[in-house]
Amino acid sequence: MPTYGPEVIGPPPRDPDQKFWDPEMQTMDPEARRQLQDERLRAMVRAVFDRPVALFKRKLEQAGITSPDDVKGVDDLVNIPLTVKQDLRDSEAAAPPFGDYRFTDARQCVRIATSTGTTGTPTLSLWTRHDLWVEYESAARNWWRMGHRPGQIITHAHPAYLYGGGIMLSNAYEYFGLLNVWVPPPDTDELAEQALRFWMRVKPDHPFMGFSTGRFFEVAKKLGIEPKDAGLEFKAMPGFGMGKGLPLMTAGVECYAYLGGACGQLPGAHVHEDWCVVQAVDPATGREVADGEWGNLTVTTLGRDNGVIRYDLEEACALLREPCPCGETSIRGLWGGRFKDLLSSQGKRFQVSELEGALRQVPEINEPTLEYVVVKPTDEDAALVIRVECLGEHGDARARTEAAVEKHLGIRCTVDVIERDSLPRSGYKTSRVVDR
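Notes on the structure follow.

Conventions adopted
- Residues numbered from 1 in each chain as written.
- Predicted model: local features only at pLDDT ≥ 70, side-chain atom pairs only at ≥ 80, totals over all residues.
- Heavy atoms only, no water.
- Pairing = 2+ DSSP bridges.
- Helix = DSSP H or I, 4+ residues; strand = E, 2+ residues; numbered from the N terminus.
- Contact = heavy atoms within 4.5 Å.
- Axes fitted to C-alpha atoms, helices over the stretch in contact; angles between N-to-C directions.
- Core = buried A, V, L, I, M, F, W, Y, C linked by side-chain atoms within 4.5 Å.
- Buried < 20%, exposed > 50% of the residue type's maximum accessible area, 1.4 Å probe, protein only.
- Salt bridge = Lys/Arg side-chain N within 4 Å of Asp/Glu carboxyl O.
- Expected span 1.5 Å × (residues − 1).
- Phe/Tyr/Trp six-rings, centres within 6.5 Å; stacked < 30°, edge-to-face > 60°.
- Lys NZ or Arg CZ within 6 Å of the ring centre and 35° of its normal.
- Right-handed = clockwise from strand over helix to strand, strands pointing away.

Pairing within the open sheet is mixed, and its four strands lie in the order S16-S15-S14-S17. Two strands close off the open sheet at either side, each with one partner strand: strand S16 (413–419) and strand S17 (433–434). Two elements, strand S14 (residues 372–375) and S17, share two bridges in a ladder whose sense is parallel. Bridge assignment links Val374 to a residue of S17, and that residue is Val433. Running over the sheet, helix H9 (residues 352–359) touches S14, strand S15 (384–390) and S17 and is turned about 125° from S14. Sitting on the sheet, helix H10 (residues 397–409) is in contact with S15 and S16, with an inclination near 140° to S16.

Spelled out as structure tokens, the structure:
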């Protein structure tokens, strides 16, 4: 009989005092890492021709690449056309249900999921055991950077079922060795209360942080629960608030869920380059923009059973290459938001997150949480219309909010202050942009 150990469902233990989860890969010489990337890219291109993987084979042939030997390494990626999500949707529609862009048969996989569908028809994702291991190992680097250690209690409220994010996060936590407290998304006050009551019984070592954090604070206020009694507090995550964008930590479950993680010493997130090539690309030319400039986040995954080549997520990305004092040697990435969320008003272009930064300067509209929507501009010259909830007397909240937006973004706005609970609530990703 074979002897099994806990490493079957998790990694070998680490010294809790060591600096990195995977020192060999995280501190690898950049030239050696590039050689590893070249090797893994060549293997991926060879699989495209040998299996074949029809969608990517067409892309390669479109670029005049007719043999695996035509791609020597990462420098040749510039010759390959970009793939966007609509290409995946079209592929699945033409060859249902899985499309013609898979490297492995669905029956060789162990998990299937759909995307959220926030940008159109949901696409399907497939993972083999090896693909999941890549994600879990990548996630473990992030948890370790954040100070998490096996044996601690962690919590989250990601959706489940066909959406892949919840089960991916839960299993990544469990693989790492955390006690995983998975509560339901707070779609209703009753579900939010269920989570709050449980956290009061089993208090996490790290507070809940996620898209719906504000919902839990809001319901705690209604119930008279002190947030800290349920392990809730707004706690800054490493790398957030540093530089012009957020740390580039994910490319979505359909591409690479745990793409990178922030160390907190310099802006951006360290990209896990042994498992991917990340580029900031000008979509008009397909070429990379200069370091530090915004381009389209374009990812080629490496070393997976299922992967993507030159996948353009149509999101803003900037790359930074100067050495980091933390000791990690990979490039760092900044995320600037989805281009579909980019707003334009009075000659200024900005993300919803930048607007939110201005709204958070007005205390009255942030008690107990900030709840707002912005009306999608249709007239470039008109004042931006924002609807924001306020608890109790409004006072001069309108004027102060309009002044904060003008100071922060340099644009005029008209603020409609409305009563609490007037806007729809969401247990996961809240839509902040509405049509007039």
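Core analysis: the largest hydrophobic core is formed by 41 residues, its most contacted members being Phe56, Cys255, Leu259, Val278 and Val299. Secondary structure elements with two or more residues in this core: helix H2 (30–50), helix H3 (54–62), strand S8 (276–281), strand S9 (295–301) and strand S10 (311–320). Of all the elements, H2 adds the most residues to this core, at six residues. The contact partners of Cys255, leaving out residues within four places of it in the chain, are Val299, Thr301, Arg304, Val308, Tyr311 and Leu313. Core analysis: the next-biggest nonpolar cluster, separate from the first, contains 23 residues, Val352, Ala358, Val405 and Leu409 among them.

Our focus in this paragraph is unusual backbone geometry. Between Arg51 and Pro52 the backbone carries a cis peptide bond, its omega angle lying at -15°. A cis amide bond links Pro96 to the next residue, Pro97, at an omega of -5°. Along the polypeptide, Pro97 turns up in the loop between helix H4 (85–94) and strand S1 (111–114). Within the chain, Gln346 stands out as a residue other than glycine whose phi angle is a positive 55°. Following the sequence through the fold, Gln346 ends up in the loop between strand S12 (342–345) and strand S13 (348–351).

In the structure shown here, the tally under the stated rule is 30 salt bridges. Among the salt bridges present, the one from Asp274 reaches Arg141, with a minimum N-O distance of 2.8 Å. On the criterion of sequence distance, the pair formed by Asp274 in the loop between strand S7 (269–271) and S8 and Arg141 in helix H5 (residues 129–145) is long-range, its members being 133 residues apart. Look at Arg141 and you get buried, because its relative accessible area is 3%. Linking Arg197 and Glu193 is a salt bridge whose minimum nitrogen-to-oxygen distance equals 3.2 Å. With Arg197 and Glu193 both in helix H7 (residues 189–201) and four residues apart, the pair spans about one turn of that helix. When salt bridges with common partners are traced through the structure, they connect Asp189, Arg215, Glu218, Lys222, Glu389, Arg420, Asp421 and Arg425 into a single cluster.

Here H10 spans 18 Å end to end across 13 residues, near enough to the 18 Å set by a 1.5 Å rise per residue. On the buried face of H10, the contacting elements are S13, H9, S15 and S16. Just downstream of H10, Gly410 is the residue with a positive phi angle, here 75°.

Turning our eyes to something else, we now look at the packing of aromatic side chains. By the definition in use, this model includes 13 aromatic pairs. When the centroid spacing of 5.8 Å and the interplanar angle of 90° are considered together, the rings of Trp133 and Trp275 count as edge-to-face. Of this pair, Trp133 sits in helix H5 while Trp275 sits in the loop between S7 and S8; the two residues are 142 residues apart in sequence, bridging distant segments of the chain. Overall, Trp275 belongs to the buried group, its relative accessible area being 8%. Connected via pairs of aromatic rings, a cluster forms that spans Trp21, Trp144 and Phe176. Geometry around Trp21 places Arg14 over its ring, the cationic atom sitting 3.7 Å from the centre. A cation over a ring is seen here: Arg40 above Trp275, with NZ or CZ 4.2 Å from the ring centre.

Another point: the pairing of S8. Across the six residues that make up S8, a large majority, six, are buried. Residues Cys276, Val278 and Ala280 point to one face of S8 and Val277, Gln279 and Val281 to the other, with burial holding for every one of them. As paired strands, S8 and S9 are joined by six bridges and run antiparallel to one another. Paired with Ala280 across the two strands is Leu297, which belongs to S9.

Pairing of strand S3 (residues 153–156) with strand S4 (residues 179–182) involves four bridges; the strand directions are parallel. Pairing of Ile154 across the sheet is with Asn180, part of S4. Following the backbone out of S3, through helix H6 (residues 165–176) and into the adjacent parallel S4, one traces a crossover that is right-handed.

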